[in-house]
Amino acid sequence: MAVALKVTGDDECGWAVLRVVGELDLMTSPTLRQRVHDVVAEGRHSLVVDLSGVYFCDSSGVGVLIAARRLIRACQGRLRIVLPADDGAEAAHVNRVLGALGVRRLFTVYPDVASAVEEEPDPLSA
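The paragraphs below set out a description of the structure included in this document. (Residues numbered from 1 in each chain as written. Predicted model: local features only at pLDDT ≥ 70, side-chain atom pairs only at ≥ 80, totals over all residues. Heavy atoms only, no water.)

What follows is about the overall build of the protein. Secondary structure summary: the protein contains 4 helices and 5 strands in total. Element order for the protein, N to C, with α for helix and β for strand: β-β-α-β-α-β-α-β-α. Going through the 126 residues of the protein one by one, you find that 46% of them count as buried. Considering only residue pairs separated by 6 or more positions, the protein has 70% of its internal contacts joining residues 24 or more positions apart. (Helix = DSSP H or I, 4+ residues; strand = E, 2+ residues; numbered from the N terminus. Buried < 20%, exposed > 50% of the residue type's maximum accessible area, 1.4 Å probe, protein only. Contact = heavy atoms within 4.5 Å.)

Take a look at the structure:
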């Protein structure tokens, strides 16, 4: 059974928003990596990656997120991640994976897209 990853994009309040749905793993993570590169190639350096529809993420998916952070920082841009609180939501798994690997602190995390695009800009976390 093939599991698909769906990545859709739009603009909200001057931010490029990539909404990710499905499993983010070795087979599907190149799709997200390419979409991030496409956004940056278009000259858009303020990016929100909405992971609220991701119900599984392995180290390949985490690697794509870290690479996206590095790319956006190189462009002096801003990256924000959307992860719902750990309350049974699908993306709670991603939140736990990032926390367990000790990389969650690398990202500026918001509970929803609306809050991610409305808050005042701030630099990326360390």
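Moving on from the model shown.
Let us now look at unusual backbone geometry. Phi at Cys13 is positive, roughly 55 degrees, even though this residue is not glycine. Under the relative-accessibility criterion, Cys13 is labelled exposed at 60%. Within the chain, Gln76 stands out as a residue other than glycine whose phi angle is a positive 55 degrees. In this fold, Gln76 is placed in the loop between helix H2 (59-74) and strand S4 (78-82).

The next thing to look at is the environment of Gln76. Among the residues examined, Gln76 registers a relative accessible area of 75% and is labelled exposed. Distance in space between the C-alpha atoms of Gln76 and Ser46 is 9.2 Å, their sequence separation being 30 residues.

On to the nonpolar core, then. Soluble, globular proteins show a tendency: their nonpolar side chains are buried together. By size, the foremost hydrophobic cluster in this structure holds 29 residues, and its most contacted members are Leu32, Leu47 and Leu51. Secondary structure elements with two or more residues in this core: strand S1 (5-12), strand S2 (15-24), helix H1 (29-41), strand S3 (46-57), H2, S4 and helix H3 (92-100). Sequence-distant contacts of Leu32, that is, excluding residues within four places in its chain, are made with Leu5, Val7, Leu18, Val20, Leu24, Val64 and Leu65. Grouped together as the second largest cluster of nonpolar side chains are 8 residues, Trp15, Val17, Val113 and Ala116 included. (Core = buried A, V, L, I, M, F, W, Y, C linked by side-chain atoms within 4.5 Å.)

A few words on the packing of H1 against H2. Direction vectors running N to C along H1 and H2 enclose 10 degrees, while the axes themselves pass 9 Å from each other. Between H1 and H2, the interaxial angle falls into the category roughly parallel. Counting all contacts with H1, which are made through Ser29, Leu32, Arg33, Val36, His37 and Val40, the residues of H2 involved are Ser60, Gly61, Val64, Leu65, Ala67, Ala68, Leu71 and Ile72. Looking at the contact of H1 with H2, its residues break down into 9 nonpolar, 4 polar and 1 charged. (Axes fitted to C-alpha atoms, helices over the stretch in contact; angles between N-to-C directions. Parallel < 35°, antiparallel > 145°, perpendicular 65-115°, else oblique. Nonpolar A, V, L, I, M, F, W, Y, C, P; charged D, E, K, R; others polar.)

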